[in-house]
Amino acid sequence: MASSKEYVDYILEQLSGLEEISCRSMMGEYIVYYREKIAAYICDERFLVKPTAAAKALLPSAPSEPPYEGAKEMLLVRDPENRELLTELIQALYEELPAPKPKRAKKA
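Residues numbered from 1 in each chain as written. Predicted model: local features only at pLDDT ≥ 70, side-chain atom pairs only at ≥ 80, totals over all residues. Heavy atoms only, no water.

Engineer: Give me the pattern of salt bridges: which residues, what numbers.
Structural biologist: Under the definition given, this model contains 4 salt bridges. A salt bridge links Asp 9 to Lys 5; its shortest N-O distance comes to 2.9 Å. Placement of both Asp 9 and Lys 5 in helix 1 (residues 5–14) is noted, with a separation of 4 residues, approximately one turn of the helix. Note on Asp 9: relative accessible area 36%, which makes it partly exposed. The closest approach of N and O atoms between Arg 46 and Asp 44, which form a salt bridge, is 3.8 Å. Salt bridges sharing common partners tie together Asp 44, Arg 46 and Glu 65. (Salt bridge = Lys/Arg side-chain N within 4 Å of Asp/Glu carboxyl O. Helix = DSSP H or I, 4+ residues; strand = E, 2+ residues; numbered from the N terminus. Buried < 20%, exposed > 50% of the residue type's maximum accessible area, 1.4 Å probe, protein only.)

Engineer: So, the pairing of strand 2 (residues 29–34): which residues are in play, and what are the values?
Structural biologist: Within strand 2, 6 of the 6 residues are buried, which leaves the element mostly enclosed by the surrounding structure. Of the two faces of strand 2, the one holding Glu 29, Ile 31 and Tyr 33 and the one holding Tyr 30, Val 32 and Tyr 34 are both buried throughout. Sheet analysis places strand 1 (residues 21–26) next to strand 2, joined by 6 bridges and oriented antiparallel. Residue pairing in the sheet places Ser 25 in a bridge with Tyr 30 of strand 2. The loop that links strand 1 with its antiparallel partner strand 2 comprises 2 residues; one of these, Met 27, has a positive phi angle of about 50 degrees. (Pairing = 2+ DSSP bridges.)

Engineer: Lay out the environment of Ile 11 with the relevant residues and their values.
Structural biologist: In this structure, Ile 11 sits in helix 1. Ile 11 gets classed as buried once you look at its relative accessible area, which sits at 0%. Put simply, Ile 11 and Val 32 are 21 residues apart on the chain and 9.6 Å apart in space, counted from C-alpha to C-alpha. Excluding its chain neighbours within four sequence positions, the residues that come into contact with Ile 11 are Ile 42, Phe 47 and Pro 80. (Contact = heavy atoms within 4.5 Å.)

Engineer: Break down the layout of surface pockets for me, with residues and values.
Structural biologist: The volume enclosed by the largest pocket comes to roughly 590 Å³. Elements represented by at least two residues in the lining of the largest pocket include exactly strand 1 and strand 3 (37–43). The element best represented in the lining of the largest pocket is strand 3, accounting for 3 residues. Considering only residue class, the lining of the largest pocket consists of 12 nonpolar, 2 polar and 8 charged. (1 Å grid on protein atoms, 1.4 Å probe; cavity = no way out; pocket = protein on both sides within 12 Å on 5 of 7 lines; lining within 4 Å. Points joined across faces, edges and corners; volume = space filled by probe spheres on them. Nonpolar A, V, L, I, M, F, W, Y, C, P; charged D, E, K, R; others polar.)

Note that all results are geometric; they support no functional claim without further evidence.
So, in structure tokens, the structure goes:
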């Protein structure tokens, strides 16, 4: 089941206090970027964040689930209604996220 546009808009609204938040569609689901780093996925009406040490500390009882079949497990955010927690979570895990891969040069 693909995530609805309404759910994606809701999550982005919850994160609207952060600058440089963006979202891209990927095969009917969505990747959430914070300051150009992949921070989370929105898949099957679920908000999943990268399982960094900071995220695990803020979500100690969060279950680990893959966003889609064959993917690495991420932490399920069970309470996306808590705007303050979501903002703190994304800010906290940012430093532990890998740098974005350099973009390939276009062939002439």
